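Each chain, written out:
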Amino acid sequence: MAAIRKKVTVQQKYGLHARPASSFVKLARVFEADIILEKNGERVNGKSIMGVMMLAVSRGETVYLEVDGPDRERACERLKSFLEDGTDE
Amino acid sequence: MARRRKEIVNVEELSLGGTKPPVGVTVGEMFAEMEATLKLSSVEDNGGFDRRVRGTEINRPGLAIAGYFDRFSHRQVQVLGMTELSYLASITERKRSDIFNKITSYDGLPCFVVARGRRPPPALKVSARNRGIPVAVSGRRTTDVIALLSDHLRDKFAPRLAFHGDLLDVYGVGVLILGPAAVGKSECALDLIGRGHRIVADDVVYVRRRITGELVGDTKESIREHIEIRGLGVLNVKQLFGIRAVRKSKNVELIVKIELLDPKEDYDRTGLDRTVVNILGIEAPFIVIPVVPGKSISSLVEVAALDYLLKRYGFDAARVFNEKLRAEIATNYQPDKKGKP
């Protein structure tokens with residue numbers, strides 16, 4: 001029952017600024033699993049908007065999703081496609 | 001006297017893990033942050049402000065200047081003091097420029113600092129300019145330059161942990177508030193700000209251990225002085241409440257975890273046992289406050305901070321109370337009534 005760790009390239013045109021960051025967090029909060037977003041070794045809680053914005057992720061940058069909890073498979077899949085599809089840019 | 005039990009909570013369950021130590025501090029950042037402390041009178045960037053300092057050691061290049069280059073620590077900040085300068089004054093201009101040509105040819109040399117407000121030798125200036133290495137002049141004595149720089153760098157490279165939570169200065173006590181997302185950490189922080197306390201970090205708290213053994217908490221510059229409250233969005237605390245409501249960093253002394261009330265959980269009722277978290281080798285007192293409707297978390301955090309202060313000044317309320325209770329029990333005890341001694 002280890003955490004899932006996935007490498008993701010962010011596709012949002014203007015990166016994870018306030019709007020997409022808040023949509024990401026909203027989506028993350030739907031899941032029970034603990035979600036960590038990591039960029040350059042900096043780790044933040046994926047359910048916290050300040051944390052996600054603090055990473056200042058721009059388009060094309062690589063981040064890691066680390067998801068652990070009963071619904072981790074689905075959470076990881078949904079969040080990964082959120083970032084890769086450039087949702088809510 | 002009652003025995004005090006001590007429980008140690010695993011920090012892994014509370015933190016987001018270690019953050020990678022920075023790969024380096026840029027020379028530009030270092031000089032900007034140290035400008036006042038080092039009394040920098042002139043800084044020539046020579047286009048090399050993005051060069052990185054990768055360790056905490058400082059080098060005095062005396063031996064290299066004298067021609068001995070085995071083990072020349074070229075990746076460290078090079079501080080020139082009176083010894084170097086007076087030796088350089090005793091040799092010819094030709095030799096000076098040869099030696100600085102050689103010294104500056106080493107890859108990864110971050111920068112030079114000349115101490116005591118002395119003018120850098122022209123040969124150094126020329127070589128440094130050619131290779132794009134910054135040169136600064138400090139008004140301080142050589143030993144002070146080395147001590148201050150090394151202190152600054154040790155702080156920069158200190159082991160760090162990241163926490164998801166809030167850090168506040170409550171009556172002078174640094175309180176780190178942790179807990180799951182949406183439990184009300186930021187709301188509690190806002191409440192505490194309203195009561196006159198000061199916020200250091202919301203959402204992301206970095207805690208590092210200083211060489212002196214203190215835990216120091218701060219946050220990333222980009223989110224400092226901001227707080228996010230559901231329903232209100234991102235707020236600027238300094239603009240809303242003024243300078244009294246914020247501070248840049250604070251020693252972390254007390255860890256408070258807020259969680260939803262679990263009726264099965266056995267919360268501390270006596271305050272006799274001590275629970276601590278080991279953070280980077282330093283033990284900090286740890287308390288868990290369950291959230292119950294109608295209970296003001298922020299006033300509980302205030303009282304926890306005051307009780308911590310009281311203990312630090314030598315008064316442990318729970319213990320004193322229990323000692324009185326035990327004394328009373330002892331006087332009430334009448335062996336002949338119950339039979340057994």
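No experiment lies behind these values; they were computed from the predicted model shown. (Residues numbered from 1 in each chain as written. Chains lettered and ligands numbered in written order. Predicted model: local features only at pLDDT ≥ 70, side-chain atom pairs only at ≥ 80, totals over all residues. Heavy atoms only, no water.)

## Thoughts on the domain arrangement of chain B
Phase 1 of the analysis: By the assigned domains, chain B splits into domain 1 (25–156) and domain 2 (160–321).
Phase 2 of the analysis: Between the C-alpha centres of domain 1 of chain B and domain 2 of chain B there is a distance of 42 Å. (Domains from an automatic or database assignment.)

## Thoughts on the pattern of salt bridges
Residues and elements named next belong to chain B.
Phase 1 of the analysis: This model, assessed by the stated rule, comprises 26 salt bridges over all chains.
Phase 2 of the analysis: A salt bridge links Glu44 to Lys125, with the shortest nitrogen-to-oxygen separation between them at 3.6 Å. Of this pair, Glu44 sits in strand E4 (residues 40–44) while Lys125 sits in helix H5 (residues 122–131), and the two are 81 residues apart along the sequence.
Phase 3 of the analysis: Here Glu44 falls in the partly exposed class, since its relative accessible area comes to 27%.
Phase 4 of the analysis: Accessibility expressed as a relative area gives 25% for Lys125, which makes it partly exposed. (Salt bridge = Lys/Arg side-chain N within 4 Å of Asp/Glu carboxyl O. Helix = DSSP H or I, 4+ residues; strand = E, 2+ residues; numbered from the N terminus. Buried < 20%, exposed > 50% of the residue type's maximum accessible area, 1.4 Å probe, protein only.)

## What to know about a negative patch on the surface
Phase 1 of the analysis: A contiguous patch of negative charge on the surface is contributed by B:Asp262, B:Glu265, B:Asp266 and B:Asp268.
Phase 2 of the analysis: Relative to the helices and strands, B:Asp268 is located in the loop between strand E17 (254–260) and strand E18 (274–279). (Patch = residues over 30% accessible without salt bridge, like charges linked within 9 Å, V, L, I, M, F, W, Y side chains within 5 Å. Areas by Shrake-Rupley, 256 points an atom, 1.4 Å probe, with all protein chains shown as cover. Lys, Arg positive; Asp, Glu negative; His and termini not counted. Charge placed at Lys NZ, Arg CZ, Asp CG, Glu CD.)

## Regarding helix H6 (residues 142–156) of chain B
Residues and elements named next belong to chain B.
Phase 1 of the analysis: With 15 residues, H6 ought to run about 21 Å at 1.5 Å a step, and its terminal C-alpha atoms sit 21 Å apart, in line with that.
Phase 2 of the analysis: Those residues of H6 lying buried are Thr142, Val145, Leu149, Ser150, His152 and Leu153. One face of H6 carries all of its buried residues, which in axial projection span an arc of 160 degrees. (Expected span 1.5 Å × (residues − 1). Arc of directions from axis to C-beta.)

## Comments concerning the side chain of A:Glu38
Residues and elements named next belong to chain A.
Phase 1 of the analysis: Its place among the elements puts Glu38 in strand E2 (residues 34–39).
Phase 2 of the analysis: Assessed through its relative accessible area of 11%, Glu38 is described here as buried.
Phase 3 of the analysis: A polar side-chain atom of Glu38 sits 2.8 Å from a polar atom in the side chain of Arg43.
Phase 4 of the analysis: Setting aside its immediate chain neighbours within four residues, Glu38 contacts Arg5, Arg43, Val63, Tyr64 and Glu66. (Polar contact = N/O pair within 3.5 Å; in protein donor to acceptor, adjacent residues only side chain to side chain. Contact = heavy atoms within 4.5 Å.)

## What about the nonpolar core?
Phase 1 of the analysis: In this structure, A:Phe24, A:Leu37 and A:Leu83 are the most contacted members of the largest nonpolar core, which totals 34 residues.
Phase 2 of the analysis: Sorting the residues of this core by element identifies strand E1 (4–9), helix H1 (18–30), E2, helix H2 (49–54), strand E4 (62–68) and helix H3 (72–84) of chain A together with strand E12 (198–209) of chain B as the ones contributing at least two each.
Phase 3 of the analysis: Leaving out residues up to four positions away in the same chain, A:Leu37 has contacts with A:Leu16, A:Phe24, A:Glu42, A:Arg43, A:Val44, A:Gly46, A:Val52, A:Leu55, A:Val63, A:Tyr64, A:Leu65 and A:Leu83. (Core = buried A, V, L, I, M, F, W, Y, C linked by side-chain atoms within 4.5 Å.)

## So, the interface of chain A and chain B
Phase 1 of the analysis: Residue-level contacts link 15 residues of chain A with 20 residues of chain B.
Phase 2 of the analysis: Taking both sides of the interface into account, the surface hidden between chain A and chain B amounts to around 1,400 Å²; carbon and sulfur atoms contribute 61%.
Phase 3 of the analysis: Applying the counting criterion to the chain A and chain B interface returns one salt bridge.
Phase 4 of the analysis: On the surface where chain A and chain B come into contact, there are seven residue pairs in polar contact (both at pLDDT 80 or more).
Phase 5 of the analysis: For the side of chain A that touches chain B, the secondary structure elements donating two or more residues are strand E3 (42–45) and H2 of chain A.
Phase 6 of the analysis: For the side of chain A that touches chain B, the class distribution of residues is six nonpolar, five polar and four charged. (Buried area = accessible area lost by both parts, 1.4 Å probe. Nonpolar A, V, L, I, M, F, W, Y, C, P; charged D, E, K, R; others polar.)

## Brief notes about unusual backbone geometry
Only a minority of non-glycine residues have a phi that is not negative, and only a minority of peptide bonds are not trans.
Residues and elements named next belong to chain B.
Phase 1 of the analysis: With a phi angle near 70 degrees, Ala182 is a residue other than glycine that sits in the positive phi range.
Phase 2 of the analysis: Examined against the element boundaries, Ala182 turns out to sit in the loop between strand E11 (173–178) and helix H7 (185–194).
Phase 3 of the analysis: Of note, the phi angle at Leu280 is positive, near 55 degrees, even though the residue is not glycine.
Phase 4 of the analysis: Looking at the element boundaries, Leu280 is found in the loop between E18 and strand E19 (282–291).

## Observations regarding the sheet that holds E2(A)
All names here are of chain A.
Phase 1 of the analysis: Spatially, the four strands line up as an open sheet ordered E1-E4-E2-E3, and their pairing is antiparallel. Each edge of the sheet is formed by a strand with only one pairing partner; in this case those strands are E1 and E3. Within this sheet the neighbouring strands show an average axis-to-axis angle of 25 degrees, counted without direction.
Phase 2 of the analysis: Pairing analysis gives four bridges linking E2 to E3, with the strands arranged antiparallel. In the sheet register, Lys39 faces E3, and the bridge partner there is Glu42.
Phase 3 of the analysis: Of the strands in this sheet, E1, E2 and E4 touch H3, which is tilted by about 10 degrees from E1. (Pairing = 2+ DSSP bridges. Axes fitted to C-alpha atoms, helices over the stretch in contact; angles between N-to-C directions.)

## Section: the environment of B:Asn278
Residues and elements named next belong to chain B.
Phase 1 of the analysis: Note that Asn278 resides in strand E18.
Phase 2 of the analysis: Residue Asn278 is classed as partly exposed on the basis of its relative accessible area, which comes to 30%.
Phase 3 of the analysis: Sequence separation between Asn278 and Val11 is 267 residues, and the spatial gap between their C-alpha atoms is 6.2 Å.
Phase 4 of the analysis: Excluding residues that lie within four positions of it along the chain, Asn278 makes contacts with Ile8, Val9, Val11 and Glu283.
Phase 5 of the analysis: For Asn278, the side chain forms a polar contact with the main-chain nitrogen of Gly281, separated by 2.9 Å.

## Details of the packing of H7(B) against helix H9 (residues 297–312) of chain B
Residues and elements named next belong to chain B.
Phase 1 of the analysis: Between H7 and H9, the shortest axis-to-axis distance is 8 Å and the interhelical angle comes to 65 degrees. Taken together, the axes of H7 and H9 are roughly perpendicular relative to one another. The two elements H7 and H9 meet at a crossing, and its hand is right-handed. Of the residues in H9, those touching H7 at Cys188, Asp191 and Leu192 are Ile297, Ser298, Val301 and Glu302. (Parallel < 35°, antiparallel > 145°, perpendicular 65-115°, else oblique. Left-handed = near helix turned anticlockwise from the far one by under 90°.)

## Here we look at the packing of aromatic side chains
Residues and elements named next belong to chain B.
Phase 1 of the analysis: On inspection of all chains with the given rule, the structure shows six aromatic pairs over all chains.
Phase 2 of the analysis: Measuring from ring centre to ring centre gives 6.4 Å for Phe31 and Phe49, while their planes differ by 65 degrees; the resulting arrangement is edge-to-face. Placement of Phe31 in helix H1 (residues 27–34) and of Phe49 in the loop between E4 and strand E5 (52–53) is noted, with a sequence separation of 18 residues between them.
Phase 3 of the analysis: Accessibility expressed as a relative area gives 31% for Phe49, which makes it partly exposed.
Phase 4 of the analysis: Between Phe100 and Phe112 the ring centres are 6.5 Å apart and the planes differ by 85 degrees, which places this aromatic pair in the edge-to-face class. Taken together, the residues Phe100 in helix H4 (residues 93–104) and Phe112 in strand E8 (residues 112–114) connect sequence positions 12 residues apart.
Phase 5 of the analysis: On the accessibility criterion, Phe112 (0% relative accessible area) is buried.
Phase 6 of the analysis: Linked through ring pairs, Phe69, Phe72 and Tyr106 together constitute an aromatic cluster. (Phe/Tyr/Trp six-rings, centres within 6.5 Å; stacked < 30°, edge-to-face > 60°.)

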